[in-house]
2 protein chains.
Amino acid sequence: MPLVQDRSFMNMALEEAQKAAALGEVPIGAVLVVEDKLIKGHNRVIIDSDPTAHAEMLVIRKAAREIGNYRLVGSSLYVTLEPCIMCAGAIVQARIGRLVYAARDERYGAVESLLQSFDLGLNHKPQVISGLLQQQASQLLKTFFLKKR
Amino acid sequence: MPLVQDRSFMNMALEEAQKAAALGEVPIGAVLVVEDKLIKGHNRVIIDSDPTAHAEMLVIRKAAREIGNYRLVGSSLYVTLEPCIMCAGAIVQARIGRLVYAARDERYGAVESLLQSFDLGLNHKPQVISGLLQQQASQLLKTFFLKKR
């Protein structure tokens, strides 16, 4: 997929992140492209009382339900922040083909920062692209946490 | 909590695992005890078309929804198999107080086998007890996979 399309999907994920911020949730958004479907979602942990309701998890669940298969073969997942270990594990479970994320999560990121989950010898390994629109994603997070203080 | 109670909850988790097997799902069950609630669940990945529908995830989600808080402070989670990295991450996100599991998952277990997720410096670390009724849990899995062949 050409970079221009990646950028367009990541921009949608950033719009989703802004929706999370408007709800008082940590601003993280995700877009999942599988077959002819485009699924969007954002972090909803507090509002849904669901500790697993990270943006990535919500789009993975919704996409799998819509296509009627827990394996999202050939899918691409766009997310504004490096996934945590829960989400990295879900990406493997769902057989996500390609993961594109924006900002690194130096503290809890489980793709390259805290841990390299996809190099543990799990039963699937997605292709990974990182850093796309990272400044915009980081800025959203910084602004959110500054306001919270 | 005394061992006799742990054993009783793990037996319930084993009954849940049998329900999963009856559905053609990998037989793994879980029980979550939080406040005055006891929540049971079993693996439903295929039947729900949900790659995140591991037993632990389902009881965590349900419990959080029922108490209206994504943090399950003071909770105990019983599961028949060592959690994978997705579930270990969810256990941290949910602030599970105490994790009791039966059999080890030598290949994908993310508590002591493949990875020690709770020693990575994440923002919560549950108490862990492992090996309770492990033979029963392993036997269920072995029987299931033998039949599948």
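Below: a short report on this structure.

Criteria and cut-off values
- Residues numbered from 1 in each chain as written.
- Chains lettered and ligands numbered in written order.
- Predicted model: local features only at pLDDT ≥ 70, side-chain atom pairs only at ≥ 80, totals over all residues.
- Heavy atoms only, no water.
- Core = buried A, V, L, I, M, F, W, Y, C linked by side-chain atoms within 4.5 Å.
- Buried < 20%, exposed > 50% of the residue type's maximum accessible area, 1.4 Å probe, protein only.
- Contact = heavy atoms within 4.5 Å.
- Phe/Tyr/Trp six-rings, centres within 6.5 Å; stacked < 30°, edge-to-face > 60°.
- Helix = DSSP H or I, 4+ residues; strand = E, 2+ residues; numbered from the N terminus.
- Salt bridge = Lys/Arg side-chain N within 4 Å of Asp/Glu carboxyl O.
- Buried area = accessible area lost by both parts, 1.4 Å probe.
- Polar contact = N/O pair within 3.5 Å; in protein donor to acceptor, adjacent residues only side chain to side chain.
- Pairing = 2+ DSSP bridges.
- Axes fitted to C-alpha atoms, helices over the stretch in contact; angles between N-to-C directions.
- Least-squares fit on C-alpha atoms with pLDDT ≥ 70 in both.
- Expected span 1.5 Å × (residues − 1).
- Arc of directions from axis to C-beta.

Remarks on the nonpolar core
Stage number 1. Among the nonpolar cores identified, the biggest contains 100 residues, and A:Leu32, A:Leu72 and B:Leu32 are the most heavily contacted of them.
Stage number 2. Once residues lying within four places of it in the same chain are set aside, the contact partners of A:Leu72 are A:Leu32, A:Val34, A:Ile60, A:Ala63, A:Ala64, A:Ile67, A:Ala94, A:Arg95, A:Ile96 and A:Gly97.

Notes on the packing of aromatic side chains
All names here are of chain A.
Stage number 1. The final tally for this structure, using the stated rule, is four aromatic pairs over all chains.
Stage number 2. With a centroid separation of 5.2 Å and an interplanar angle of 45°, the aromatic rings of phenylalanine 9 and tyrosine 78 are classed as tilted. You can see phenylalanine 9 sitting in helix α1 (residues 3-22) and its partner tyrosine 78 sitting in strand β3 (residues 76-81), a full 69 residues away along the chain. Just as phenylalanine 9 is buried, tyrosine 78 falls in that class too.
Stage number 3. When the centroid spacing of 5.3 Å and the interplanar angle of 80° are considered together, the rings of phenylalanine 144 and phenylalanine 145 count as edge-to-face.
Stage number 4. Judged by its relative accessible area of 38%, phenylalanine 145 is partly exposed.

Considerations on the pattern of salt bridges
Residue and element names in this part refer to chain A.
Stage number 1. Per the stated rule, a full pass over the model turns up 16 salt bridges over all chains.
Stage number 2. One salt bridge in this structure joins aspartate 6 and arginine 98, with 2.7 Å as the shortest N-O distance. In this pair, aspartate 6 is assigned in helix α1 and arginine 98 in strand β4 (residues 98-103), connecting sequence segments 92 residues apart. Here the two residues aspartate 6 and arginine 98 agree in accessibility, since each one is buried.
Stage number 3. A network of salt bridges, in which partner residues are shared, links Arg104, Glu106 and Glu112.

Thoughts on the interface of chain B and chain A
Stage number 1. Across the boundary between the two partners, chain B contributes 31 residues, which contact 31 residues of chain A.
Stage number 2. Together chain B and chain A conceal approximately 2,500 Å² of surface at their shared face, both sides included; 75% is due to carbon and sulfur atoms.
Stage number 3. Summed over the shared surface of chain B and chain A, the number is five residue pairs in polar contact (both at pLDDT 80 or more).
Stage number 4. Of all the elements in the fold, those that place two or more residues in the side of chain B that touches chain A are α2 (55-67) and α3 (85-93) of chain B.

Some thoughts on the side chain of B:Asn43
Residue and element names in this part refer to chain B.
Stage number 1. Inspection of the secondary structure puts asparagine 43 in the loop between β2 (37-42) and α2.
Stage number 2. One polar contact links the side chain of asparagine 43 to the main-chain carbonyl oxygen of valine 26, over a distance of 2.9 Å.
Stage number 3. Setting aside residues up to four positions removed in sequence, asparagine 43 forms contacts with Ala20, Glu25, Val26, Ile28, Ala53, His54 and Ala55.

What to know about the sheet that holds strand β1 (residues 29-34) of chain B
For sheets, the rule is that strands pair by backbone hydrogen bonds, running either parallel or antiparallel.
Residue and element names in this part refer to chain B.
Stage number 1. Judged by pairing direction, the sheet is mixed, and its five strands sit side by side in the order β2-β1-β3-β4-β5 without closing on themselves. The open sheet has two edge strands with one neighbour each: β2 and β5 (127-130). When strand polarity is set aside, the average angle formed by the axes of neighbouring strands in this sheet is 15°.

Remarks on the environment of B:Ala88
Stage number 1. In this structure, B:Ala88 sits in helix α3.
Stage number 2. Along the primary structure B:Ala88 and B:Pro126 are separated by 38 residues, whereas in three dimensions their C-alpha atoms are 9.9 Å apart.
Stage number 3. Here B:Ala88 is in contact with A:Ile85, B:Pro83, B:Ala110, B:Ser117 and B:Phe118, once residues within four sequence places are set aside.

Let's talk about the relation of the copies chain B and chain A
Stage number 1. For these two chains of identical sequence, chain B goes onto chain A by a turn of 180° and a shift of 0.0 Å along the axis, with RMSD 0.0 Å. Read as a symmetry element, the transformation amounts to a two-fold axis. Considering only C-alpha atoms, the part of chain B nearest the rotation axis is B:Met86, at 1.9 Å.

Considerations on the sheet that holds strand β1 (residues 29-34) of chain A
Residue and element names in this part refer to chain A.
Stage number 1. With mixed pairing, the five strands of this open sheet are ordered in space as β2-β1-β3-β4-β5. Each edge of the open sheet is held by one strand with a lone partner, namely β2 (37-42) and β5 (127-130). Strand-to-strand, the axes of this sheet are offset by a mean angle of 15°, without reference to chain direction.
Stage number 2. As defined by bridge partners, β4 adjoins β5 across four bridges and the pair is classed as parallel. From the neighbouring strand, leucine 99 faces β5, where its bridge partner is valine 128.
Stage number 3. Lying over the sheet, helix α2 (residues 55-67) contacts β1, β2 and β3, oriented at roughly 145° with respect to β2.

Notes on helix α4 (residues 134-148) of chain A
All names here are of chain A.
Stage number 1. Taking 1.5 Å per residue as the helical rise, α4 with its 15 residues ought to reach 21 Å, and the 21 Å between its terminal C-alpha atoms agrees with that figure.
Stage number 2. Along α4, the residues classified as buried are Ala137, Leu140, Leu141 and Phe144. Around the axis of α4, the buried residues are gathered within 90° of arc, so they sit on the same side. In α4, the exposed positions angled more than 90 degrees off the buried face are occupied by Gln135, Lys142 and Leu146.
Stage number 3. Turning to α4, the residues buried within the fold contact α1, β3 and β4.

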